[in-house]
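# Residue-level structural notes
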Amino acid sequence: MVIAAWLRRGLVLAALLASTGCATQLVSLNEGPREYVATDYENVLRAWTRTEHLFALSELDNFLTATATFESWDFRWAYVARYAQDYRLTIEQRQKLLERTLEETRQRHQFFVAIFGGERKYNDLSTPNSAWIVRLIDDTGNETAPEEIVAIPKPNALERTYFPYNTVWRQAFRIRFPRATAEGRPTISPSAKWFGLRFAGAQGNSELVWQLNDDEEPTEEAAPLEQEAARPLRPVRGRL
């Protein structure tokens, strides 16, 4: 037990040190066509994924480690490029998948989330007795509750492979937020410099933040999905 405790604390300290030297990657919420191929997926995944640790420094106990991927327009385009190659989809199948997944981004903001730390039984974000509440926030003061939290008790091979941080030690969820309030105000302000997820509870709070590119052009009206989905994927090493 003593060895296990020291090992746990060593892992916590290593995670804390590792989290202190990483440069923040800026992202863009602009829509429009992309030219991703399957091999771009890992880089795009990193760009849209954030991890934060909530520690008790006096004891080096890990209350919560949360990793989340924002399934943005940009991320979903790369996801479909990877999926289409892995599953050898036809052009028509890829077109339908791209249309459907891009349309989802116009309905809601969705995150794939995997967490661990503390007592596992209290980490089920989908239950009323969870140790944590989750909110979508931005720097303009917006704070939005989820419209749906779906637990993924048994992640399949796709979820393990495409979100490799989702190990057997973690609990996985898909968390969905409305794009607009009941009054019609966007839950991520067009003028926001960053948005994020806040995990809050009796043991503290932690924020995963996506910094937005200040130099990006205002989002233009996207081309019809049929046109975007019909753009052929560039072949990679003769596959597709």
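What this report covers is the structure whose coordinates are included nearby. Residue numbers here run from 1 along each chain, matching the order of that chain's written sequence. For this predicted model, a pLDDT threshold of at least 70 governs which residues receive local features, and a threshold of 80 or more governs which side-chain atom pairs are given and counted, while totals over whole chains, interfaces and linings are taken from all residues. To obtain the side-chain values, all non-hydrogen atoms of the structure were included, while hydrogens and water were left out.

## Focus: the packing of aromatic side chains
Whether two aromatic rings pair depends on their centres lying within 6.5 Å, for rings of Phe, Tyr and Trp, where Trp uses its six-membered ring; planes under 30 degrees apart make the pair stacked, over 60 edge-to-face, and the rest tilted. Inspection of the entire model under this criterion finds 17 aromatic pairs. Here the aromatic rings of Phe 70 and Phe 111 are separated by 4.7 Å at their centres, their planes lie at 35°, and the arrangement is tilted. Highlighted residues: Phe 70 in strand E2 (residues 61-70) and Phe 111 in strand E3 (residues 108-116), separated in sequence by 41 residues. Note on classification: 1.4 Å probe, protein chains only; a residue is buried when its accessible area is under 20% of the maximum for its type, exposed when over 50%, partly exposed between these limits. Looking at Phe 70, the relative accessible area reads 3%, which means it is buried. Under the relative-accessibility criterion, Phe 111 is labelled buried at 0%. Numbering of helices and strands runs from the N terminus, with a helix taken as a DSSP run of H or I at least four residues long and a strand as a DSSP run of E at least two residues long.

## Topic: the packing of helix H3 (residues 73-86) against helix H4 (residues 91-105)
To get an axis, a line is fitted to the C-alpha atoms, and for a helix only the part in contact is used. The angle between two axes follows their N-to-C directions and goes from 0 to 180 degrees. Running from N to C, H3 and H4 cross one another at 160°; their axes reach a closest spacing of 10 Å. Between H3 and H4, the angle falls in the class roughly antiparallel. Note on packing geometry: the crossing formed by H3 with H4 is right-handed. Taking contact as the criterion, the partners of Trp 73, Arg 76, Trp 77, Val 80, Tyr 83 and Ala 84 in H3 are, on H4, Arg 94, Leu 97, Leu 98, Thr 101, Leu 102, Glu 104 and Thr 105. Residue classes in the contact of H3 with H4 are distributed as eight nonpolar, two polar and three charged. Just so you know how the angles are binned, under 35 degrees is roughly parallel, over 145 roughly antiparallel, 65 to 115 roughly perpendicular, and the rest oblique. For a crossing to be left-handed, the near helix must be turned anticlockwise from the far one by less than a right angle; the clockwise case is right-handed. Should any heavy atoms of two residues lie within 4.5 Å, those residues are counted as being in contact. When residues are sorted by character, Ala, Val, Leu, Ile, Met, Phe, Trp, Tyr, Cys and Pro go into the nonpolar class, Asp, Glu, Lys and Arg into the charged class, and all the rest, Gly among them, into the polar class.

## Observations regarding the sheet that holds strand E4 (residues 133-138)
One bridge is not enough; two strands pair if DSSP finds at least two bridges between them. Ordered in space as E5-E4-E8-E9, the four strands form an open sheet in which the pairing is antiparallel. The open sheet is flanked by strand E5 (143-144) and strand E9 (204-211), the only strands paired with a single partner. The sheet contact formed by E4 and E5 spans two bridges and is antiparallel. Paired with Leu 136 across the strands is Thr 144, a residue of E5.

## Focus: the side chain of Thr 49
Of note, Thr 49 is situated in strand E1 (residues 49-56). A relative accessible area of 16% means that Thr 49 is categorised as buried. Among all residues touching Thr 49, those that are not within four sequence positions of it are Thr 67, Ala 68, Thr 69, Tyr 165 and Trp 210.

## Quick notes on unusual backbone geometry
Of note, the phi angle at Arg 88 is positive, near 50°, even though the residue is not glycine. In this fold, Arg 88 is placed in the loop between H3 and H4.

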